[in-house]
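# Coordinate analysis (summary)
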Amino acid sequence: MRRLSDFLVLFAGMIALWQGLHWIEGDTVLTSPVATIARLATLMSAGPFWGHVAETGTAFAFAVAISLIGGIGLGTLLGLNRTSAIVSEPILIALYSLPKVTLYPLVLLCFGLGISAKIAFGAMHGMIPVAIFTMKAIMQIKPVYWRTAQALRLTPPQIALTLALPAVLPEVLSGARLGFSLSLLGVLIGEMFASKRGLGFLITNAMGLGDTATIIAVALLISVFAIAANAGLLVLQGAVQR
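Residues numbered from 1 in each chain as written. Predicted model: local features only at pLDDT ≥ 70, side-chain atom pairs only at ≥ 80, totals over all residues. Heavy atoms only, no water.

### Quick word on unusual backbone geometry
A positive phi angle is found at Arg153, which is not glycine, with a value near 55°. Secondary-structure assignment places Arg153 in the loop between helix 7 (143–151) and helix 8 (156–167). (Helix = DSSP H or I, 4+ residues; strand = E, 2+ residues; numbered from the N terminus.)

If you want it as C-alpha cells, here you go:
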C-alpha cells in the first residue's frame, strides 16, 4: 500500500507538471494530457496504426532476443577467463560509449532499408551493456566457488550453466533491464532515420507535418510500454534476489 500510494503521488505530480507546461507553452509545443489521450485513442482506432506498432514490436522483439542471448553469452565467455575479461573490458566500454548513430549509414549498407537494419541497430545498443554487466558480475564471484568447481572437475559449459550464471542472475537481470531499454531506443532511432514503417517513422513524419498531437501521443504510448516492462523486470529481479 505504501508503494502504491507513492506511485499515485508521483503519477499525479507528473500529470500536474505536464498540464502546467501545456498552459505555459500551448498546443503548438505540448498538448494537454486529455488531448493527448484523445489523439492516441483516435490513432489506435485506425487500422494502419497497428501495422506500425507491429513493425516496431517485431523489430524490438528480435533486437532484445539478440541483445540478451548474445550479451549474456559473450559476457559469460569473457568472464570465465580473467585475462580475457581484463583485456576486453576497456574495449567494450569504449564501444559502449561510441555514438552509434554515426554507424547507422554502415548498418544501412550492410542490411538495407528493411526491418533487418532496425534489428541490427537495436541489438548494437543493447548487447554491449548486457555483456559488460554479466562479465563484471562473474569476475566478482567468490573464489571458493571456483575451487569447488575445480574439485568437482566441472567442464567449462557446466561451470557456466550451473555455477556462474546462477550466481550472478540478479546482476544479469540488471543488465537485461538496461539492454531492454537501449534496444528499444536503437530500434526507434533506426525507424526515425531511414524507414517507411514503425512508430519512429510516425514520429518523424509528424515532425515534418508539425503534428504535435501525434508526436506526444506516440511518445506517450512508447513511454507507458517502457515503464510497464521495466517495472515487470524490476519485480522479477527482486524475486530472484529474494
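Don't stop here, the text continues.
### Quick word on the packing of helix 7 against helix 8
Contact geometry of helix 7 with helix 8 gives a least axis separation of 11 Å together with a crossing angle of 170°. Between helix 7 and helix 8, the crossing angle belongs to the class labelled roughly antiparallel. The handedness of the crossing between helix 7 and helix 8 comes out as right-handed. In this structure, helix 7 uses Tyr145, Trp146 and Ala149 to contact helix 8, whose residues at the interface are Ile159, Leu163 and Ala167. Of the residues that constitute the contact of helix 7 with helix 8, the class distribution is 6 nonpolar, no polar and no charged. (Axes fitted to C-alpha atoms, helices over the stretch in contact; angles between N-to-C directions. Parallel < 35°, antiparallel > 145°, perpendicular 65-115°, else oblique. Left-handed = near helix turned anticlockwise from the far one by under 90°. Contact = heavy atoms within 4.5 Å. Nonpolar A, V, L, I, M, F, W, Y, C, P; charged D, E, K, R; others polar.)

### Things to note about the nonpolar core
One finds Leu199, Val218 and Ile222 to be the most contacted residues of the largest nonpolar core, which totals 15 residues. Where this core is concerned, the elements lending two or more residues are helix 2 (33–44), helix 3 (47–79), helix 9 (169–193), helix 10 (199–209) and helix 11 (212–241). Beyond its immediate sequence surroundings of up to four residues, Leu199 is in contact with Phe49, His52, Val53, Thr56, Leu188, Glu191, Val218 and Ile222. In terms of nonpolar packing, the next biggest core, distinct from the first, is built from 9 residues, Ile138, Ile141, Ile159 and Val168 among them. (Core = buried A, V, L, I, M, F, W, Y, C linked by side-chain atoms within 4.5 Å. Buried < 20%, exposed > 50% of the residue type's maximum accessible area, 1.4 Å probe, protein only.)

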